[in-house]
Amino acid sequence: MDTRECQEQDLELLEACMPSPGQTRRHAIRFERQQRGLSTYLIAWVDDVPVGTGEILWQGCAAPEVNQRYPQCPELNGLAVWPAELQSQGIGTAVVRTAEALAHDRGHHQIGLGVTDDNPRAAALYQRLGYQETGCCYLDRYHYLDDHGHRHDVADPARFLVKQLQVGQQEHPTAGVRAS
Ligand SMILES: CC(C)(COP(=O)(O)OP(=O)(O)OC[C@H]1O[C@@H](n2cnc3c(N)ncnc32)[C@H](O)[C@@H]1OP(=O)(O)O)[C@@H](O)C(=O)NCCC(=O)NCCS
């Protein structure tokens with residue numbers, strides 16, 4: 001398995017293998033953010049097939065109630081492994097580790113992520129990986145466009161977890177990742 005930064009030529013295959021809901025163009029939106037220097041969009045590949053994603057938002061969590069408290073803390077967002085049969089094989093963990101190593105390489109001392117209240121399995125995974133509760137609860141707001149192009153706004157109750165990145169702690173090298 002290889003985890004690397006998204007390239008423009010990946011977008012078509014990403015949409016085919018990990019489809020966005022309706023007309024949302026999720027992968028293209030994340031790639032455009034990366035092009036503007038706001039994020040790094042990581043893609044996990046197995047045998048030239050994209051199977052996982054994770055986006056590091058370098059300016060931190062978009063939710064103001066989190067960003068005010070953790071303004072310098074990049075957020076790992078959009079973590080997903082697809083299809084579901086490939087979950088629980090270590091792919092998500094590899095994406096998290098790569099994100100941590102990139103954040104560390106950029107001089108960050110911590111990285112955070114949000115987990116929604118209805119996702120205890122993901123929360124347990126993050127806690128096993130060293131992410132700690134902050135008590136910072138917020139509404140994870142996003143929208144998607146359905147098949148007709150109609151916008152749907154979502155606000156999921158979530159909480160923010162943070163991991164301290166210490167020198168020598170990153171076990172996984174960033175080999176195979178083109179850091180921006
Ligand atoms: C949450 C998610 C990204 C985690 O990715 P993943 O690839 O499934 O995670 P990992 O395989 O690294 O670790 C998860 C589990 O596999 C186990 N595991 C890790 N490596 C393993 C291996 N080599 N062999 C067997 N099991 C392994 C872990 O112990 C963990 O146990 P669990 O199933 O009881 O939780 C993924 O499951 C997913 O896409 N879920 C749906 C979307 C989602 O919830 N996204 C998170 C939003 S916050």
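Bear in mind that the values here come from a model prediction, so they are computed numbers and not experimental data.

Parameters at a glance
Residues numbered from 1 in each chain as written. Predicted model: local features only at pLDDT ≥ 70, side-chain atom pairs only at ≥ 80, totals over all residues. Heavy atoms only, no water. Disulfide = S-S within 2.5 Å. Buried < 20%, exposed > 50% of the residue type's maximum accessible area, 1.4 Å probe, protein only. Core = buried A, V, L, I, M, F, W, Y, C linked by side-chain atoms within 4.5 Å. Helix = DSSP H or I, 4+ residues; strand = E, 2+ residues; numbered from the N terminus. Polar contact = N/O pair within 3.5 Å; in protein donor to acceptor, adjacent residues only side chain to side chain. Contact = heavy atoms within 4.5 Å. Near = heavy atom within 4 Å. Areas by Shrake-Rupley, 256 points an atom, 1.4 Å probe, with all protein chains shown as cover. Nonpolar A, V, L, I, M, F, W, Y, C, P; charged D, E, K, R; others polar. Salt bridge = Lys/Arg side-chain N within 4 Å of Asp/Glu carboxyl O. Pairing = 2+ DSSP bridges.

1. Regarding the state of the cysteines
Inference 1: For the structure on display, the rule yields 0 disulfides.
Inference 2: Of all cysteine sulfurs, the one in C17 lies closest to C6, which takes part in no disulfide; the gap is 12 Å.
Inference 3: Free cysteine C136: the closest other cysteine sulfur is in C137, separated by 7.1 Å.
Inference 4: On the basis of relative accessible area, C136 is assigned to the buried category, the value being 5%.

2. Concerning the nonpolar core
Inference 1: I56, L76, I111, Y126 and Y131 are the most contacted members of the largest nonpolar core, which totals 18 residues.
Inference 2: Looking at this core, the elements with two or more residues in it are helix 4 (91-105), strand 5 (110-116) and helix 5 (120-128).
Inference 3: If you look at the next biggest cluster of nonpolar residues, it comprises 10 residues, including C61, V66, C136 and Y138.

3. Brief notes about the side chain of T134
Inference 1: With respect to the helices and strands, the residue T134 is situated in strand 6 (residues 132-145).
Inference 2: Within the structure, the side chain of T134 is placed 2.6 Å from the backbone oxygen of F160, a separation counted as a polar contact.
Inference 3: The residues touching T134, leaving out its near neighbours within four places in the chain, are R69, Y70, F160, L161 and V162.

4. Quick word on the site of the ligand
Inference 1: In the vicinity of the ligand lie 16 residues, with V81, G90, G92, T93 and N119 positioned nearest.
Inference 2: The contact in question runs from an oxygen atom of the ligand to an N or O atom on the backbone of S88, over 2.8 Å.
Inference 3: One nitrogen or oxygen atom from the main chain of Q89 is found 3.0 Å from an oxygen atom belonging to the ligand.
Inference 4: Protein contact buries 63% of the 920 Å² of open area that the ligand shows by itself.
Inference 5: If you list the elements that add at least two residues to the shell around the ligand, you get strand 4 (75-81), helix 4 and helix 5.
Inference 6: Element by element, the count of residues in the shell around the ligand is highest for helix 5, at 4 residues.
Inference 7: Grouping the constituent residues of the shell around the ligand by class yields 6 nonpolar, 8 polar and 2 charged.

5. Here we look at the pattern of salt bridges
Inference 1: Taken as a whole and judged by the stated rule, the model has 8 salt bridges.
Inference 2: Between E55 and R30 there is a salt bridge whose closest N-O contact spans 3.8 Å. In this pair, E55 sits in strand 3 (residues 49-57) while R30 sits in helix 2 (residues 26-35), placing the two residues 25 residues apart along the sequence.
Inference 3: E55 sits in the buried class, given a relative accessible area of 1%.
Inference 4: The partner of R33 in a salt bridge is E55, with the nearest N and O atoms 2.8 Å apart. Residue R33 is found in helix 2, and its partner E55 is found in strand 3; the two are separated by 22 residues along the sequence.
Inference 5: Overall, the relative accessible area of 25% leaves R33 in the partly exposed class.
Inference 6: In this structure, a network of salt bridges that share partners links the residues R30, R33 and E55.

6. Description of the pairing of strand 2 (residues 39-46)
Inference 1: In terms of residue burial, strand 2 counts as a mostly covered element, since 7 of its 8 residues are buried.
Inference 2: Across 8 bridges, the pairing between strand 2 and strand 3 is antiparallel. Looking at strand 3, one finds that A44 is bridged to G52.
Inference 3: Between the antiparallel neighbours strand 2 and strand 3 lie 2 residues, among them D47 with a positive phi of about 50°.

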